[in-house]
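Coordinate analysis (summary)
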Amino acid sequence: MSSLPPAVSLLEPDEPPAFEVVNPEGRSSAVLLCDHASNLVPRRLARLGLYGEELSEHIGWDLGAARLSRRLSALLDAPLVLSGYSRLVIDCNRPLGSPTSIPQISGGVPIPGNAIDAAEAEARAEACFWPYHRAIRALLDARRDAGERTAVLCVHSFTPSLLGDDRPWHAAVLYGRDRRLAARFLEALRRDPALCVGDNEPYRITEGGDYSVPAHGEARGLPHVLLEIRQDGLASDEQVEAWAQRLAAIYREIDLSQLAAQG
Ligand SMILES: [Zn+2]
């Protein structure tokens, strides 16, 4: 892979932007983020050297997460920010420089195009990571300045099995040091005896392993949660709709002013 001269942007002018904002004026208190919405790779990166199906599989993106977050945005009338490029280009939910920010290997698959130097890593951050997070920051700043109450909901999906381990959870509720909003989702989801719901598993949020919740939720003191749905539950439009309806109903029952008082 040839390196780019510093003045050349990674994205060519006709390529899609690094983020999309849906319904920015939405009146819900929820702001939805979809860090792993897309499996696009900038043309200059030549598919990262992956010529099989890898980019359409879970290592390339969170299958179903973009569709789910768009439906949730519509049902709640909530603003939504989606990333525009694959997590394999640069992961929008990892701190820059962390080992999984630009992974050399993902889900056991080596990523040939990710053997890059610091200048190329910076070009990826400038092209794909920072524009997405600046858009989120601008949206949250505007809501703060307007005095609007806000909670941050990150929407992800996870693969039913990883490296041979089957995962029993249909959904997972993740949080770091602030459990206020997560506790409400956990309690509501667990009312359905048919659902197996992970409490900070199969993942948990950490400052070293996550970016969006620490940067946009914790650092601002905003109530937040990261919701993970298992991908075989988002395979059809009907399944996506059912999850969107369920999550929207749970969120509508939550009174953020009470949440803040308990925090
Ligand atoms: Zn994800």
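Residues numbered from 1 in each chain as written. Predicted model: local features only at pLDDT ≥ 70, side-chain atom pairs only at ≥ 80, totals over all residues. Heavy atoms only, no water.

An unreviewed UniProt entry lists the protein under the name N-formylglutamate amidohydrolase, with Sorangium cellulosum as the source organism.

1. Concerning the pairing of strand β6 (residues 151-158)
For β6, a buried count of eight out of eight residues is recorded, marking the element as mostly surrounded by other parts of the structure. Because side chains alternate across β6, one face comprises the buried residues A151, L153, V155 and S157, and the other comprises V152, C154, H156 and F158, equally buried. Judged from the four bridges that link them, strand β2 (residues 30-34) and β6 form a sheet pairing that is parallel. Across the sheet, the residue bridging to L32 is L153, located in β6. For β6 and strand β11 (residues 224-230), the ladder comprises seven bridges, and the chain directions are parallel. Within β11, the position partnered with S157 by the bridge is I229. (Buried < 20%, exposed > 50% of the residue type's maximum accessible area, 1.4 Å probe, protein only. Helix = DSSP H or I, 4+ residues; strand = E, 2+ residues; numbered from the N terminus. Pairing = 2+ DSSP bridges.)

2. Some details on the coordination of the zinc ion
With distances of 2.0 to 2.1 Å, the protein atoms coordinating the zinc ion are H36 (ND1), D62 (OD) and H156 (ND1). Written as a sequence motif, the donor arrangement for the zinc ion is H-x25-D-x93-H. Residue H36 is found in the loop between β2 and α1 (65-76), and its partner H156 is found in strand β6; the two are separated by 120 residues along the sequence. Since its relative accessible area comes to 2%, H36 is described here as buried. (Donors = N, O, S within 2.8 Å, 3.2 Å for Na, K, Ca; no water.)

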